[in-house]
Structures are given as structure tokens and as C-alpha cells.
Amino acid sequence: ILIATQKEVKSIDEITLEETVSYEDDYSIQEIPKPSNYHSWINNQWVIDSIGLNLCKEEKLKYLADYRNNLLEAGIDFEGKIVKGREKDVTGILSVVIKLSVGLASTWCYSSGEREDITTLDRAKVISSAINSLREGAYVKCSILEEQVNNATTIEELDLIMWGD
């Protein structure tokens, strides 16, 4: 709060105030700080309009996508080893399946560093199933949360939408 003397207040007409500065009473001036990047100054007050709400939604959607991608990158425990759910993991296990389908054995390298010689299609399917379960779980949960974000009408509703575990 900026406090001014009575003489300064009388001569206030000589200076230009920002539109976000208002008179608190006859003897003081108050600058009203912008509460967040989502607020706009409308009718002498800070409000969150549709532009601010959409900016907040964009940030929340990016958070959700990043969280999902981090889960896929971190992977899951599979028989004491780590499998990840990235695109290259899906492509890798498909390559193993293709080799097995033409009679060639293949080696699968787990994200935790272990190697396994894959000689049967059934074993490749088990690994593929683990990768696909991780991906499906992450993408389905992300999709549900994205729908909540898109349906939110207030910042408070958006603040409640979190990935959780």
C-alpha cells in the first residue's frame, strides 16, 4: 500500500496512475498486484476470464502429458527387472516377435541392464503384455484427466485435477 499525505493526495491529478492502482480512501492509494498470469484487469478488478482459464488448462494438459511420459520412461518392475513403455520399447518387442515368427531367436535387453535370450513367441508375448499394460494404464488415466481439464470451468476445479497414484 502506498500511503500519501493529504497534500500529495490533493496533487494526485498531476501524476498518471496505472489502471491497477486505486484510491483506498481520501488519504491513501493502493496498488492491487496481479494475482496470477491467468488474471486480466476488467472493470477495476482482477478476474480470470476465458483467456486466463484456457492458459491454465494448457498448462495442466502439459503437466499431465509430462507426467504420463515420465511414467513410461521410469518403467515398471517386471520379474525383478525394469521394462519401460516408450515407443522404442514397443518397437523393440515387435522386432523380437517378428524375428521369432520367421524362426530366429532374439535377445531382449531390459531397461535395468539385464539381457534375456527369447526363443519362444509366448515369452515375447509376456514381455509385450507388460509393456502394453504400462502404456495402456498411463494413456487411459491421462485421457480421463484430460477430459476433466477440458470440462473444468474454474481455476479451482483445475487445481483439484492431479495425477495421484
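Everything below is about the structure printed above this text.
This is a predicted model, so every value here is computed, not measured.

### Side note on the overall build of the protein chain
- Helix and strand counts for the protein chain come out as five helices and nine strands.
- Ordered by position in the sequence, the α and β elements of the protein chain form the string β-α-β-β-β-β-α-β-β-α-β-β-α-α.
- The buried share of the protein chain, reckoned over its 165 residues, is 32%.
- Restricting the contact set of the protein chain to residue pairs at least 6 apart, pairs at least 24 apart contribute 48%.
- By element, 52% of the accessible surface of the protein chain is carried by carbon and sulfur atoms, the whole surface being about 10900 Å².

### What to know about the packing of aromatic side chains
- This model, assessed by the stated rule, comprises three aromatic pairs.
- Note on Tyr63 and Tyr67: the rings are 5.9 Å apart at their centroids and 55° apart in plane angle, and the pair reads as tilted. Here Tyr67 and Tyr63 lie together in helix α2 (residues 50–74), a separation of four residues that amounts to about one turn.
- Looking at Tyr63, the relative accessible area reads 27%, which means it is partly exposed.
- The exposure class of Tyr67 is partly exposed, given its relative accessible area of 25%.
- Ring centres of Phe78 and Tyr110 lie 6.3 Å apart, and the angle between their planes is 25°; on these two criteria the pair is classed as stacked. Taken together, the residues Phe78 in strand β6 (residues 76–78) and Tyr110 in the loop between β8 (106–109) and β9 (115–118) connect sequence positions 32 residues apart.
- On the basis of relative accessibility, which here comes to 10%, the residue Phe78 falls in the buried class.
- In this structure an aromatic cluster arises from ring pairing among Tyr63, Tyr67 and Trp163.
- The side chain of Lys81 reaches across the aromatic face of Tyr110, ending 5.2 Å from its centre.

### A short note on the environment of Met162
- With respect to the element layout, Met162 can be found in the segment after α5 (155–160).
- Given a relative accessible area of 45%, Met162 falls into the partly exposed group.
- Counting along the chain gives 99 residues from Met162 to Tyr63, while the straight-line C-alpha distance between them is 9.1 Å.
- Dropping the residues within four chain positions of it, Met162 is found in contact with Lys60, Tyr63 and Leu145.

### Concerning the nonpolar core
- Grouped together as the largest cluster of nonpolar side chains are 13 residues, with contacts concentrated most on Val83, Val96, Trp108, Ile118, Ile127 and Ile131.
- Residue assignment for this core shows that the elements contributing at least two residues are α3 (87–101) and α4 (121–151).
- When near neighbours in sequence (up to four residues on either side) are disregarded, Ile131 contacts Val83, Lys84, Gly85, Asp89, Val90, Ile93 and Trp108.

### Let's talk about the environment of Thr119
- Relative to the assigned elements, Thr119 resides in the loop between β9 and α4.
- When its relative accessible area of 58% is taken as the criterion, Thr119 is described as exposed.
- Along the sequence, Thr119 and Val96 sit 23 residues apart, while their C-alpha atoms lie 9.4 Å from each other.
- When sequence neighbours within four positions are dropped, the list of residues in contact with Thr119 reads Leu100 and Ala105.

### Notes on the pairing of β9
- The two faces of β9 differ: Glu116 and Ile118 on one face are buried, but Arg115 and Asp117 on the other face are not.
- Taken together, the four bridges between β8 and β9 define a ladder with antiparallel strand orientation. Bridged to Ser106 within β9 is Ile118.
- What sits between β8 and β9 in their antiparallel hairpin is a turn of five residues, with Gly113 showing a positive phi close to 105°.

What counts, and at which threshold
Numbers given to residues run from 1 along each chain, matching the order in which its sequence is written. Only residues with pLDDT of 70 or above have their local features reported here, since the model is predicted, and side-chain atom pairs are shown and tallied only from 80 upward, although totals for entire chains, interfaces and linings are computed over all residues. Working from all heavy atoms in the structure, the side-chain values ignore hydrogens and water. Put simply, DSSP H or I for four residues or longer makes a helix, DSSP E for two residues or longer makes a strand, and each gets a number counted from the N terminus. A simple rule labels every residue: compare its accessible area, found with a 1.4 Å probe on the protein chains alone, to the largest value its type can have, and call it buried under 20%, exposed over 50%, or partly exposed in between. By the convention used here, residues are in contact when the closest approach between their heavy atoms is within 4.5 Å. The Shrake-Rupley method, run with a 1.4 Å probe sphere, supplies the accessible areas, and residue values consider only the shown protein chains as cover. Between the rings of Phe, Tyr and Trp (Trp by its six-membered ring), a pair exists once the centres lie within 6.5 Å; its type follows the angle of the planes, with under 30 degrees stacked, over 60 edge-to-face, and the other angles tilted. Geometrically, a charge over a ring is one whose NZ (Lys) or CZ (Arg) sits within 6 Å of the ring centre while staying within 35 degrees of the ring normal. We define a nonpolar core as any set of buried Ala, Val, Leu, Ile, Met, Phe, Trp, Tyr and Cys residues linked to one another through side-chain atoms lying within 4.5 Å. For two strands to count as paired, DSSP must find a minimum of two bridges between them.

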